[in-house]
Every structure is written in C-alpha cells, then in structure tokens.
Amino acid sequence: MTDVSQAFVGAGPVPCADHPDVETRLRCSRCGKPICPRCGVRTPVGMRCPDCAGTRSSVAANPTQTVVAAGAGLVVAALAGIGWGFYPAWGFYWALLLGFGTVEMMVRFLRKPRGSDLQAIAIVIVLFGIVLSRVILAQRLGVELAALSEFGPAAQRALNLRPVPDLLFAVLPVLIAWVRFR
Ligand SMILES: [Zn+2]
Ligand SMILES: [Zn+2]
C-alpha cells in the first residue's frame, strides 16, 4: 500500500482541518483536505478524512440535518404521547406508533441514520413521548405525579404505571429507537 502522504511531502505543513492546532503534511486521498494522524483514517485507497472514509457519525457530519430530524421526531413523539395520554387502553399501539413513527420520521431527514449519538437522541425523544403521556394521563385523572406513592396501586393502575404490561410498552419504543439507529 502506498502512503498518500508521500505525494504531498514538500508541500509544507498546514493545519489539520479538524484539529487546527496540529500541523500536518497528510491530506485526504479523496478530497485533499488536510488531515492529521489523529483524524486520518487508513483505507485500502490511502489515508482519508473522516467524512470521505465514512467514519464520522451522522450527527457530527450533518448537524443541521440532525436538528431537523430531531425536531420532526419530537413532533411525532409528542402526538403519540398525547394520544397515549387520552386513550391509555391502546397503550401497545401507541408504543408502536411512538417507536416506529418517531424513528421513521427522523430517518426521512438523515442521510446516514446510524450511530450511538443518534440512538441517544432518538431514545431521549421517545422517552419524552412516554413522560408526556403520563403527565397528560395524571392531569386528566387529577393525580399529581409527585404524590403518586400516596395514592397506592390503584392510582398506579389508573396511570398505567404497572411493571406489566405498562413498563413493557414503555420499553418497546426505546428498543425500536435503539435498534433502528444501531
Ligand atoms: Zn476527504
Ligand atoms: Zn486532525
């Protein structure tokens, strides 16, 4: 394997595109961007920048896309959460809608829907939908979430906070978000 940096030796060191404090003679073999040993990725066709090597996470590579996707996902999660709060008996279907609806909406705005940071963002959005549904439910039932323990099992049942099946319904969308962006 020939090291692409050889071709550029003599061009003089320049600051790395990602690490301005690092002087480098390496350049990406595809786009020519200055890269340093910290961010350069060794590929069969030479050293490449994280963007060209495809190793940069979707979030870091496309911050604007990520914000738009998160916003769109948040709308779906909020709608599912509101629906869940008003019709708790359909918990299983709301859980599916919250999970699949949110991630599929986010995917529409993302070029590369993958990465642990995306997983985290999607899970936070889904959790927001779940919490929202419980807050709405508590409001409708006149129960203060903070004082829930005083109300006992009856209130927990009314609020759909039992381990089975309610906790499973809550885990479902989180799992969907985690698997989809893995
Ligand atoms: Zn490149
Ligand atoms: Zn660098």
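Procedures and definitions
Residues numbered from 1 in each chain as written. Chains lettered and ligands numbered in written order. Predicted model: local features only at pLDDT ≥ 70, side-chain atom pairs only at ≥ 80, totals over all residues. Heavy atoms only, no water. Donors = N, O, S within 2.8 Å, 3.2 Å for Na, K, Ca; no water. Tetrahedral: all angles 85-135°; square planar, octahedral: opposite > 155°, others 65-115°. Helix = DSSP H or I, 4+ residues; strand = E, 2+ residues; numbered from the N terminus. Buried < 20%, exposed > 50% of the residue type's maximum accessible area, 1.4 Å probe, protein only. Phe/Tyr/Trp six-rings, centres within 6.5 Å; stacked < 30°, edge-to-face > 60°. Lys NZ or Arg CZ within 6 Å of the ring centre and 35° of its normal. Core = buried A, V, L, I, M, F, W, Y, C linked by side-chain atoms within 4.5 Å. Contact = heavy atoms within 4.5 Å. Axes fitted to C-alpha atoms, helices over the stretch in contact; angles between N-to-C directions. Parallel < 35°, antiparallel > 145°, perpendicular 65-115°, else oblique. Left-handed = near helix turned anticlockwise from the far one by under 90°. Nonpolar A, V, L, I, M, F, W, Y, C, P; charged D, E, K, R; others polar.

(A) The coordination of the zinc ion (ligand 1), seen in detail. For the zinc ion (ligand 1), the protein coordination sphere consists of Cys28 (SG), Cys31 (SG), Cys49 (SG) and Cys52 (SG), at 2.2 to 2.3 Å. Relative to the metal, the four donor atoms surrounding the zinc ion (ligand 1) lie at angles of 104 to 115 degrees, and the coordination shape comes out tetrahedral. Between consecutive donors of the zinc ion (ligand 1), the numbers of intervening residues give the motif C-x2-C-x17-C-x2-C. Remark: Cys49 occurs in the loop between strand S4 (46–48) and helix H2 (50–53) and Cys28 occurs in the loop between strand S2 (23–24) and strand S3 (41–43); sequence separation between them is 21 residues. On the accessibility criterion, Cys28 (2% relative accessible area) is buried.

(B) Quick peek at the packing of aromatic side chains. All told, the structure shown has three aromatic pairs when counted by the stated rule. On the basis of an interplanar angle of 75 degrees and a centroid distance of 5.4 Å, the ring pair of Phe92 and Tyr93 is categorised as edge-to-face. Measuring from ring centre to ring centre gives 5.8 Å for Phe92 and Phe169, while their planes differ by 50 degrees; the resulting arrangement is tilted. Taken together, the positions of Phe92 in helix H5 (residues 91–107) and Phe169 in helix H8 (residues 163–180) put the pair 77 residues apart, joining distant regions of the chain. With a relative accessible area of 37%, Phe92 lands in the partly exposed category. Aromatic rings pair up to connect Phe92, Tyr93 and Phe169 into one cluster. The residue whose ring lies beneath Arg134 is Trp84, and the NZ or CZ to ring-centre distance is 4.8 Å.

(C) Structural detail: the coordination of the zinc ion (ligand 2). The zinc ion (ligand 2) binds to the protein through Cys16 (SG), His19 (ND1), Cys36 (SG) and Cys39 (SG); the donor distances cover 2.0 to 2.3 Å. Seen from the zinc ion (ligand 2), its four donor atoms lie at angles of 98 to 119 degrees, and the figure they make is tetrahedral. All donors to the zinc ion (ligand 2) come from one chain, and their sequence spacing reads C-x2-H-x16-C-x2-C. Note that Cys16 is positioned in the loop between strand S1 (14–15) and S2 and Cys36 in the loop between S2 and S3, a separation of 20 residues in sequence. Judged by its relative accessible area of 1%, Cys36 is buried.

(D) Spotlight on the nonpolar core. In this structure, Trp84, Leu98, Met106 and Phe181 are the most contacted members of the largest nonpolar core, which totals 24 residues. Secondary-structure elements contributing two or more residues to this core are helix H4 (63–86), H5, helix H6 (116–141) and H8. Apart from the residues lying within four places of it in its own chain, the contact partners of Phe181 are Val103, Met106, Val107, Leu110, Pro113, Arg114, Gly115, Leu118, Gln119 and Ala122. Counting residues in each nonpolar core, the second largest holds 10 residues, with Leu26, Ile35, Met47 and Cys49 among its members.

(E) How the structure looks around the packing of H6 against H8. It is at 8 Å that the axes of H6 and H8 come closest, and there the two elements cross at 160 degrees. In terms of orientation, H6 and H8 fall into the roughly antiparallel class. Where H6 crosses over H8, the handedness of that crossing is right-handed. Within the contact between the two elements, H6 uses Gln119, Ala122, Ile123, Val126, Leu127 and Ile130 and H8 uses Ala170, Pro173, Val174, Ala177 and Trp178. Classifying every residue of the contact of H6 with H8 gives 10 nonpolar, one polar and no charged.

Keep in mind that these numbers describe shape and distance, not what the molecule does.
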